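Here is how the chains run, residue by residue.
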Amino acid sequence: MAGTRWLDEEEQRTWRTFLAAVHLLEGALDRQLRHDSGLPHAYYQALVMLSEAPEGELTMTELAGLLRSSPSRLSHAAARLEEEGLIRRFKRPGDRRTTIAELTPRGSEVLRAAAPGHVNEVRRLVFDALTDEQVEQLHGISEALLAVLDPRGEKPRYTNPGGTGNRD
């Protein structure tokens, strides 16, 4: 294709290595969570976002934005989480168009039980494999990619606003 600036050998090597690492990392985290708690990684992330929200609730639109998920994909996940009693969905009083997702006490228990194993796996697969300098570089690289990829420019949440610490 004329005008295409093809990847050189080093860029191609870096690109394919990056894709493989992201794919394998996501799979490993998903397997660990499913094995230890029966939760897919995506569902775990939804529970984390709700646990960090004031009152443990967010609109479905807010939750989709934080998860960088499509509304239809989130709706499917929320239905499953609701079936399992981990969240509750309801309409905002006075606004029949807005659906709220709320973390249930059972959802909090499941999340608390799943978090230590997940954090240990994240530490083992990512942070234990990198030097402090590489962690800093990874943070900078991730922020640079998010600046291009996230059209709203939203930064990821880093800590629990309630001060109880991250579960991820």
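Heads up: the structure comes first, above all this text.
Given the structure is predicted, the values throughout are model-derived calculations rather than measurements.

Caption draft 1: Up close: helix H2 (residues 41-52). Its twelve residues give H2 an end-to-end C-alpha distance of 17 Å, which sits within 8% of 16 Å, the value for a rise of 1.5 Å per residue. A large share of H2 lies buried, amounting to eleven of its twelve residues.

Caption draft 2: Quick look at the environment of Ala79. Counting through the fold element by element, Ala79 comes out in helix H4 (residues 71-83). Overall, the relative accessible area of 26% leaves Ala79 in the partly exposed class. Along the sequence, Ala79 and Arg89 sit ten residues apart, while their C-alpha atoms lie 8.7 Å from each other.

Caption draft 3: A look at the environment of Glu62. Examined against the element boundaries, Glu62 turns out to sit in helix H3 (residues 60-67). A sequence separation of 38 residues divides Glu62 from Ile100, and the C-alpha atoms of the two residues are 9.2 Å apart. Here Thr59 takes part through its backbone nitrogen, which lies 2.9 Å from a polar atom of the side chain of Glu62.

Caption draft 4: Region of interest: the pairing of strand E3 (residues 95-103). When strand E1 (residues 57-59) meets E3, the two strands line up antiparallel, connected through three bridges. Bridge assignment links Glu57 to a residue of E3, and that residue is Glu102. Between strand E2 (residues 87-92) and E3, which pair antiparallel one after the other, the connecting turn spans two residues, and Gly94 there sits at a positive phi close to 80°.

Caption draft 5: Summary view of the sheet that holds E1. Judged by pairing direction, the sheet is antiparallel, and its three strands sit side by side in the order E1-E3-E2 without closing on themselves. Two strands bound the open sheet, and with one partner strand each, they are E1 and E2. Within the sheet, the average angular offset between the axes of one strand and its neighbour, ignoring direction, is 30°. Strands in contact with H2 are E1, E2 and E3; relative to E3, the strand with the most contacts, it is inclined by about 100°.

Caption draft 6: Focus on the packing of H2 against H4. Look at H2 against H4: their axes get within 10 Å of each other, and the N-to-C directions meet at 80°. As summarised for this structure, H2 and H4 are arranged roughly perpendicular, according to the angle between their axes. Across the interface between the two elements, Tyr43, Ala46 and Leu47 from H2 touch His76, Ala77, Arg80 and Leu81 from H4. Of the residues assigned to the contact of H2 with H4, the class counts are five nonpolar, one polar and one charged.

Caption draft 7: Highlighting unusual backbone geometry. Phi at Glu55 is positive, roughly 65°, even though this residue is not glycine. Judged by its relative accessible area of 71%, Glu55 falls in the exposed class.

Caption draft 8: The nonpolar core, seen in detail. Judged by nonpolar contacts, the single largest core of 27 residues is most densely connected at Leu39, Tyr44, Leu47 and Leu81. Elements supplying a minimum of two residues to this core: H2, H3, H4, E3 and helix H5 (105-125). Sorting elements by how many residues they give to this core places H2 first, with seven residues. In this structure, Leu47 is in contact with Leu39, Leu81, Leu86, Ile87, Leu103, Gly107 and Leu111, ignoring residues within four places of it in sequence.

Caption draft 9: A look at the pattern of salt bridges. Across all of its chains, the model carries ten salt bridges by this definition. For Asp30, the salt bridge is made with Arg34, and the minimal N-O distance between the two is 2.6 Å. Pair noted here: Asp30 and Arg34 are both in helix H1 (residues 9-37), with a separation of four residues, about one helical turn. Residue classification places Arg34 among the partly exposed positions, given a relative accessible area of 46%. Across the pair Arg124 and Glu121 runs a salt bridge, and its minimum N-O distance is 3.0 Å. Of this pair, Arg124 and Glu121 both sit in helix H5, three residues apart, which is roughly one turn of that helix. The buried category is assigned to Glu121, whose relative accessible area is 14%. Here the salt bridges do not stand alone but share partners, grouping Arg80, Glu83 and Glu84 into one network.

Reading guide: rules and limits
- Residues numbered from 1 in each chain as written.
- Predicted model: local features only at pLDDT ≥ 70, side-chain atom pairs only at ≥ 80, totals over all residues.
- Heavy atoms only, no water.
- Helix = DSSP H or I, 4+ residues; strand = E, 2+ residues; numbered from the N terminus.
- Expected span 1.5 Å × (residues − 1).
- Buried < 20%, exposed > 50% of the residue type's maximum accessible area, 1.4 Å probe, protein only.
- Polar contact = N/O pair within 3.5 Å; in protein donor to acceptor, adjacent residues only side chain to side chain.
- Pairing = 2+ DSSP bridges.
- Axes fitted to C-alpha atoms, helices over the stretch in contact; angles between N-to-C directions.
- Contact = heavy atoms within 4.5 Å.
- Parallel < 35°, antiparallel > 145°, perpendicular 65-115°, else oblique.
- Nonpolar A, V, L, I, M, F, W, Y, C, P; charged D, E, K, R; others polar.
- Core = buried A, V, L, I, M, F, W, Y, C linked by side-chain atoms within 4.5 Å.
- Salt bridge = Lys/Arg side-chain N within 4 Å of Asp/Glu carboxyl O.

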